[in-house]
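Overview (structure and organization)
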Amino acid sequence: MIRIEIILPKNEVMAVSEGLKKINVGGLTVSKKRGRGKNPPPEIHASKGMEVFVPQFSDKYVVEIIVQDGNVDEAIKIIRENATIGKIFVHPVLRAVDIKTGAEDKDAI
(Lines give C-alpha, C1' and ligand atoms only; values in the text may rest on other atoms or scores of the structure.)
Protein backbone atom coordinates (compact mmCIF):
# COMPACT_ATOMS: atom_id res chain seq x y z
CA MET A 1 0.00 0.00 0.00
CA ILE A 2 1.09 3.51 -0.77
CA ARG A 3 0.12 6.84 0.81
CA ILE A 4 -0.02 9.73 -1.65
CA GLU A 5 0.07 13.24 -0.22
CA ILE A 6 -0.90 16.06 -2.57
CA ILE A 7 -0.22 19.70 -1.67
CA LEU A 8 -2.37 22.10 -3.66
CA PRO A 9 -1.89 25.86 -3.34
CA LYS A 10 -5.23 26.44 -5.09
CA ASN A 11 -8.51 24.80 -4.16
CA GLU A 12 -8.63 22.09 -6.82
CA VAL A 13 -9.65 19.42 -4.33
CA MET A 14 -13.03 18.63 -5.93
CA ALA A 15 -11.52 18.13 -9.38
CA VAL A 16 -8.86 15.80 -7.97
CA SER A 17 -11.46 13.93 -5.89
CA GLU A 18 -13.76 13.38 -8.87
CA GLY A 19 -10.85 12.15 -10.97
CA LEU A 20 -9.75 9.67 -8.30
CA LYS A 21 -13.27 8.21 -8.08
CA LYS A 22 -12.74 6.89 -11.61
CA ILE A 23 -10.11 4.43 -10.31
CA ASN A 24 -12.17 3.55 -7.21
CA VAL A 25 -10.21 5.60 -4.69
CA GLY A 26 -13.13 5.98 -2.34
CA GLY A 27 -11.63 7.67 0.68
CA LEU A 28 -9.47 10.72 0.98
CA THR A 29 -8.57 13.17 3.71
CA VAL A 30 -8.41 16.91 3.05
CA SER A 31 -6.77 19.45 5.37
CA LYS A 32 -6.41 23.18 4.96
CA LYS A 33 -2.96 24.28 6.07
CA ARG A 34 -0.79 27.37 5.96
CA GLY A 35 2.70 27.25 4.56
CA ARG A 36 5.17 28.63 2.09
CA GLY A 37 6.97 27.24 -0.90
CA LYS A 38 9.60 28.62 -3.24
CA ASN A 39 7.30 31.37 -4.49
CA PRO A 40 6.08 33.96 -1.99
CA PRO A 41 2.33 34.57 -1.64
CA PRO A 42 0.91 37.63 -3.41
CA GLU A 43 1.26 41.06 -1.82
CA ILE A 44 -1.69 42.56 0.01
CA HIS A 45 -2.25 46.29 -0.47
CA ALA A 46 -3.71 48.15 2.49
CA SER A 47 -6.94 49.99 1.75
CA LYS A 48 -5.62 53.26 3.18
CA GLY A 49 -2.25 54.65 2.28
CA MET A 50 0.53 53.04 0.33
CA GLU A 51 1.42 50.25 2.73
CA VAL A 52 2.08 46.86 1.18
CA PHE A 53 2.04 43.67 3.25
CA VAL A 54 3.77 40.48 2.08
CA PRO A 55 2.41 37.52 4.05
CA GLN A 56 4.88 34.87 5.20
CA PHE A 57 2.45 32.00 4.62
CA SER A 58 -0.45 31.24 2.30
CA ASP A 59 -3.33 28.78 2.43
CA LYS A 60 -2.69 25.32 1.02
CA TYR A 61 -4.84 22.21 0.72
CA VAL A 62 -3.36 18.81 1.59
CA VAL A 63 -5.09 15.71 0.21
CA GLU A 64 -4.08 12.27 1.46
CA ILE A 65 -5.07 8.96 -0.12
CA ILE A 66 -4.06 5.32 0.29
CA VAL A 67 -3.86 3.19 -2.86
CA GLN A 68 -2.68 -0.28 -3.75
CA ASP A 69 0.85 -0.51 -5.19
CA GLY A 70 -0.46 -1.18 -8.71
CA ASN A 71 -2.60 1.98 -8.77
CA VAL A 72 0.09 4.53 -7.89
CA ASP A 73 1.05 5.59 -11.43
CA GLU A 74 -2.59 5.85 -12.49
CA ALA A 75 -3.46 7.91 -9.39
CA ILE A 76 -0.56 10.29 -10.03
CA LYS A 77 -1.62 10.66 -13.67
CA ILE A 78 -5.17 11.56 -12.63
CA ILE A 79 -3.93 14.04 -10.03
CA ARG A 80 -1.70 15.76 -12.60
CA GLU A 81 -4.59 15.95 -15.09
CA ASN A 82 -6.92 17.59 -12.54
CA ALA A 83 -4.57 19.98 -10.75
CA THR A 84 -2.60 22.84 -12.24
CA ILE A 85 0.16 23.33 -9.64
CA GLY A 86 1.34 21.69 -6.43
CA LYS A 87 3.42 18.78 -5.22
CA ILE A 88 2.85 15.03 -4.91
CA PHE A 89 4.68 12.96 -2.29
CA VAL A 90 4.58 9.15 -2.24
CA HIS A 91 5.14 7.19 0.98
CA PRO A 92 5.05 3.45 1.70
CA VAL A 93 2.45 2.20 4.19
CA LEU A 94 3.63 -0.75 6.26
CA ARG A 95 0.31 -1.72 7.80
CA ALA A 96 -3.29 -0.54 7.99
CA VAL A 97 -5.84 -1.65 10.59
CA ASP A 98 -9.56 -0.81 10.71
CA ILE A 99 -10.36 0.08 14.32
CA LYS A 100 -13.98 -1.14 14.27
CA THR A 101 -13.66 -4.43 12.38
CA GLY A 102 -10.00 -5.29 12.91
CA ALA A 103 -9.58 -5.80 9.14
CA GLU A 104 -6.00 -5.30 8.03
CA ASP A 105 -4.10 -3.97 5.05
CA LYS A 106 -6.08 -4.22 1.76
CA ASP A 107 -9.35 -4.99 3.57
CA ALA A 108 -8.85 -2.00 5.88
CA ILE A 109 -8.81 0.51 3.05
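Please refer to the structure placed before this passage.
Right, let's walk through the structure included here. (Residues numbered from 1 in each chain as written. Predicted model: local features only at pLDDT ≥ 70, side-chain atom pairs only at ≥ 80, totals over all residues. Heavy atoms only, no water.)

Counting 18 residues, the largest nonpolar core has I4, L8, L20, I65, V67 and A75 as the members making the most contacts within it. Elements supplying a minimum of two residues to this core: strand 1 (2–8), helix 1 (13–21), strand 5 (58–67) and helix 2 (72–82). The contacts of A75, once residues within four sequence positions are left out, are I4, L20, I23, I65 and V67. (Core = buried A, V, L, I, M, F, W, Y, C linked by side-chain atoms within 4.5 Å. Buried < 20%, exposed > 50% of the residue type's maximum accessible area, 1.4 Å probe, protein only. Helix = DSSP H or I, 4+ residues; strand = E, 2+ residues; numbered from the N terminus. Contact = heavy atoms within 4.5 Å.)

The next subject is helix 1. Since the α-helix packs 3.6 residues into each turn, any two residues three or four apart lie on the same face. Every buried residue belonging to helix 1 is among V13, V16, S17, G19 and L20, and all of these are buried. Taken end-on, helix 1 shows its buried residues confined to a sector of 165°, consistent with a single buried face. Against the buried residues of helix 1 lie strand 1, strand 2 (29–35), strand 5 and helix 2. (Arc of directions from axis to C-beta.)

Assignment of secondary structure puts G86 in the loop between helix 2 and strand 6 (87–92). With near-sequence residues (within four places) excluded, G86 lies in contact with I7 and P9.

The four strands lie next to each other as 2-5-1-6, forming an open sheet whose pairing is antiparallel. Strands with a single pairing partner mark the edges of an open sheet, and in this sheet they are strand 2 and strand 6. With direction set aside, neighbouring strand axes in the sheet form an average angle of 25°. Relative to strand 5, strand 1 is paired through seven bridges, and the arrangement is antiparallel. Each bridged residue has a counterpart across the sheet, and for I6 the counterpart in strand 5 is V63. Docked against the sheet, helix 2 engages strand 1, strand 5 and strand 6, running at close to 10° with respect to strand 1. (Pairing = 2+ DSSP bridges. Axes fitted to C-alpha atoms, helices over the stretch in contact; angles between N-to-C directions.)

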